[in-house]
Amino acid sequence: MLVDLPPGLDYNEWLASHTLALFDHINLVYGTISEFCTMTGCPDMTGPGLRTYLWFDEKGKKTRVAAPQYIDYVMTFTQRTVSDETIFPTKYANEFPSSFESIVRKILRLLYHVVAHIYHCHFREVALLGLHAHLNCVFAHLTLLNQRFNLIDPKETEILGDLEAALLGDSTSAPSQTLAIQETPTTTNTSSSTT
């Protein structure tokens, strides 16, 4: 229900509202752990399964950059894009560009990379700050939006497939697995830690 397009609402308007919400939430989560994501600690932008993300500049040139730099590029690009009235119109009677869905696809793919990096390299800090449930909720939102409208290439999302199945459930995962994932990181008492 969170991502189903309501009757009578413009598809692009729906994508815009979800993209803005996801950008804001992912930016907030990353902001809480950004001090742990350093050039020396995260010299490459990595995700699970030895995935390394390269940055493509405006000319299409691939560059290997440290995670904080990559994420800064993502957030700067996204902020600039969502603030552009010709792409994300806010005034009445202004139209979305014909390329709007492809722009949203790029933004969501880049935000997915940020989420993958947070889970892969900084989940411990997220859990210690008690923000794992929020991160899981944001990831579920992004995943459900993608499942509903096929916005991110499956090759990009396969690296977090197990987490997706655990959080959102499927025919093989039991509800208790989801609960265990959410409860385990909150254990900070060493005598009862199950990690």
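Every value quoted in this text rests on a predicted model; they were computed, and no experiment measured them. (Residues numbered from 1 in each chain as written. Predicted model: local features only at pLDDT ≥ 70, side-chain atom pairs only at ≥ 80, totals over all residues. Heavy atoms only, no water.)

Caption draft 1: Molecular detail of unusual backbone geometry. One non-glycine residue with positive phi stands out, namely Leu50, at about 60°. Within the element layout of this structure, Leu50 appears in the loop between strand S1 (46-47) and strand S2 (51-52). Residue Leu50 is classed as exposed on the basis of its relative accessible area, which comes to 84%. Even without being glycine, Asn150 reaches a positive phi, approximately 50°. Of note, Asn150 is situated in the loop between helix H4 (132-149) and helix H5 (154-157). The class of Asn150 is exposed, set by a relative accessible area of 55%. (Helix = DSSP H or I, 4+ residues; strand = E, 2+ residues; numbered from the N terminus. Buried < 20%, exposed > 50% of the residue type's maximum accessible area, 1.4 Å probe, protein only.)

Caption draft 2: Inspection of the UniProt feature "binding site: Zn(2+)" (unreviewed entry) in the chain at higher detail. With numbering aligned to this structure, UniProt lists the feature "binding site: Zn(2+)" (unreviewed entry) at Cys37, Cys42, His117 and His122. A maximum C-alpha distance of 10.0 Å places the annotated residues, which cover 86 residues in sequence, within one compact spot. As for its placement among the helices and strands, Cys37 is situated in the loop between helix H1 (11-33) and S1. Leave out the neighbours within four places in its chain, and Cys37 touches Tyr30, Cys42, Ala67, Pro68, Ile71, His117 and His122. Here His117 is in contact with Cys37, Cys42, Asp44, Met45, Thr46, Ala67, Ile71 and His122, once residues within four sequence places are set aside. Only 2.9 Å separates the side chain of His117 from the backbone oxygen of Thr46, close enough to count as a polar contact. (UniProt positions renumbered as here; feature names shortened; annotations may be inferred. Contact = heavy atoms within 4.5 Å. Polar contact = N/O pair within 3.5 Å; in protein donor to acceptor, adjacent residues only side chain to side chain.)

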